[in-house]
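So you can see what is in the structure, the chains are spelled out below.
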Amino acid sequence: MGGGHVHAYAHAHGGGAGTTRIAIAFGITAALFAAQVVGSIVTGSLALLVDTVHMLTDVAGLGVALGAQALVRRPPSGRRTWGLVRVEVLAAAAQAAALLIVALVVVVEGVRRLGEPTEVPGPLLLAFGAVGLVGNLVALAVLAGGRGSSLNLRAAFLEVLNDAIGSVAVIAAGAAIWLWGFQQADLIASALVAALIVPRSVVLLRDSGRILLEAAPAELDLDDVRAHLEQQPHVLAVHDLHASTLGTGSHQLTAHVVVEEACFHDGHAPRILDALQTCVAEHFPVPLEHATFQLEPPGHADHERPTHA
């Protein structure tokens, strides 16, 4: 007996207010990116260039978050049964790869500049860094009020926070060059910004890879899930248990559940499905609201292919 699919896909990922906050932050960050492109060309600063590329990935990240607000609400179709929730995962993987490439370029360019120093105008570098910091602080203020309402808003807040830290490093480099003529400060600042990029890109790549490979959510222990399901009344065993992440805040679970033979004759089966659905939706750290259970009588597994766990 199959059934028990809970389709609660209309989660509110931030709602209209969340979309407005992300749109404002996106506009501010995109304008700052344009300004820093000009600053990178004018000053020749490696630190500002790295921060500019870093900001480009954040513009892309905010754009993805903004798009996700709309895409997550698009209804599934016969060809895309889960809609377009994986778009943001693919974009995150692309961002991670781009960030790692940027970090590698920074290392290569930094080594080259050790032998061929580039004169960077400290006052201009300081000015562009200050503009970036002010803009980032405004964007943070816009996002701060709603960052607890959805994962998209939280991710957007962290994107802009990283930019703000990068701008502080650029300001420090500009001040050191202007006040003391310490040109190496530009290389040090670029290394610091790159140090911010690498861990973030590795985490992005790891998390997006886990989702694309349909690994179980990191917060979920499937052995614990199995044990808890098997404690439900009339449940004898659970096999072919799988869990994966569809997209931000959305997870699915499937399982074959062996129940007592009598349950198929005395009307217990629907109540067992209700109990199982409530269990996985409320009991675990990750709410598994997309749950599909196949109820089976004892011995049914003997007829299935020997690939079930």
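Above this text you will find the structure in question.
Right, let's walk through the structure included here. Note that the coordinates shown come from a computational prediction; the quantities given were computed from them, not determined experimentally.

With that settled, consider the pairing of strand β4 (residues 290–296). Of all seven residues in β4, five are buried; the element is thus mostly enclosed. Examined bridge by bridge, strand β3 (residues 250–259) and β4 share seven bridges and lie parallel to one another. Residue pairing for β4: Gln 252 is matched across the bridge by His 290. Of the crossover connections in this fold, the one passing from β3 over helix α8 (residues 268–282) to the parallel β4 is right-handed.

Running from N to C, helix α3 (residues 87–115) and helix α6 (residues 184–212) cross one another at 155°; their axes reach a closest spacing of 8 Å. Taken together, the axes of α3 and α6 are roughly antiparallel relative to one another. Crossing hand, α3 versus α6: left-handed. Residue composition of the contact of α3 with α6, by class: 20 nonpolar, six polar and three charged.

Checked against the element boundaries, Leu 66 lands in helix α2 (residues 46–71). When its relative accessible area of 24% is taken as the criterion, Leu 66 is described as partly exposed. Linking Leu 66 and Arg 21, residues 45 residues apart in sequence, is a C-alpha distance of 9.3 Å.

In total, this model carries four salt bridges according to the counting rule given. Here Glu 109 makes a salt bridge to Arg 112, at a shortest N to O gap of 2.6 Å. In this pair, Glu 109 and Arg 112 both sit in helix α3, three residues apart, roughly one turn of the helix. Judged by relative accessible area, which is 37%, Arg 112 ranks as partly exposed. Between Arg 113 and Glu 109 there is a salt bridge, with the nearest N and O atoms lying 3.0 Å from each other. With Arg 113 and Glu 109 both in helix α3 and four residues apart, the pair spans about one turn of that helix. Here the salt bridges do not stand alone but share partners, grouping Glu 109, Arg 112, Arg 113 and Asp 186 into one network.

Below, the discussion takes up the nonpolar core. One finds Leu 229, Leu 253, Val 257, Leu 276, Val 280, Phe 293 and Leu 295 to be the most contacted residues of the largest nonpolar core, which totals 24 residues. Where this core is concerned, the elements lending two or more residues are α7 (222–230), β2 (235–247), β3, α8 and β4. Residues in contact with Val 257, not counting those within four places in the same chain, are Val 235, Ala 237, Val 238, Leu 276, Phe 293, Gln 294, Leu 295 and Glu 296. In this structure, Ala 47, Leu 99, Ala 173 and Ala 185 belong to the second largest nonpolar core, which totals 21 residues.

Bringing unusual backbone geometry into the picture now. Of all residues except glycine, most have a negative phi; of all peptide bonds, most are trans. Residue Glu 214 is not a glycine yet carries a positive backbone phi of 55°. Along the chain, Glu 214 turns up in the loop between α6 and α7. Residue Glu 214 is classed as partly exposed on the basis of its relative accessible area, which comes to 47%. We note that His 234 has phi near 75°; this positive angle belongs to a residue other than glycine. Mapped onto the fold, His 234 is located in the loop between α7 and β2. On the accessibility criterion, His 234 (28% relative accessible area) is partly exposed.

Turning our attention to the side chain of Thr 43. Considering the arrangement of structural elements, one finds Thr 43 in helix α1 (residues 15–43). In terms of polar contacts, Thr 43 uses its side chain to reach the backbone carbonyl oxygen of Gly 39, at 2.7 Å. From its side chain, Thr 43 meets the backbone nitrogen of Ser 45 in a polar contact 3.2 Å long. The residues touching Thr 43, leaving out its near neighbours within four places in the chain, are Leu 48, Glu 119, Val 120, Pro 121, Leu 124, Leu 125 and Phe 128.

Procedures and definitions
Counting of residues starts from 1 at the beginning of each chain's written sequence and follows it residue by residue. Whole-chain, interface and lining totals are the exception, using all residues; otherwise, since this is a predicted model, local features are given only for residues with pLDDT of at least 70 and side-chain atom pairs are given and counted only at 80 or more. Working from all heavy atoms in the structure, the side-chain values ignore hydrogens and water. Classification of residues uses two cut-offs on accessible area relative to the type maximum, computed with a 1.4 Å probe and protein chains only: under 20% is buried, over 50% is exposed, and between them is partly exposed. Secondary structure follows DSSP: runs of H or I at least 4 residues long count as helices, runs of E at least 2 residues long count as strands, and numbering of each begins at the N terminus. Two strands qualify as a pair provided that DSSP identifies no fewer than 2 bridges between them. Crossover handedness is defined here as right-handed if the route from the first strand over the helix to the second strand goes clockwise, with the strands pointing away from the viewer. For helices, the axis comes from a line fit to the C-alpha atoms of the stretch in contact; other axes are also lines fit to C-alpha atoms, and the angle between any two N-to-C directions lies between 0 and 180 degrees. Oblique is the label for every angle not falling under 35 degrees (roughly parallel), over 145 degrees (roughly antiparallel), or within 65 to 115 degrees (roughly perpendicular). The handedness criterion is simple: a crossing whose near helix is rotated anticlockwise from the far helix by less than a right angle is left-handed, and one whose near helix is rotated clockwise is right-handed. Residues were grouped as follows: Ala, Val, Leu, Ile, Met, Phe, Trp, Tyr, Cys and Pro as nonpolar; Asp, Glu, Lys and Arg as charged; and all remaining residues, including Gly, as polar. A pair is scored as a salt bridge if a Lys or Arg side-chain nitrogen falls within 4 Å of a carboxyl oxygen belonging to Asp or Glu. Only buried residues count toward a nonpolar core, which is a set of Ala, Val, Leu, Ile, Met, Phe, Trp, Tyr and Cys residues joined through side-chain atoms within 4.5 Å. Only heavy atoms matter for contacts: two residues are in contact if any of them lie within 4.5 Å across the pair. N or O atoms within 3.5 Å of each other form a polar contact, as long as, within protein, one can give a hydrogen and the other can take it, and as long as residues adjacent in sequence are counted only when both atoms are side-chain atoms.

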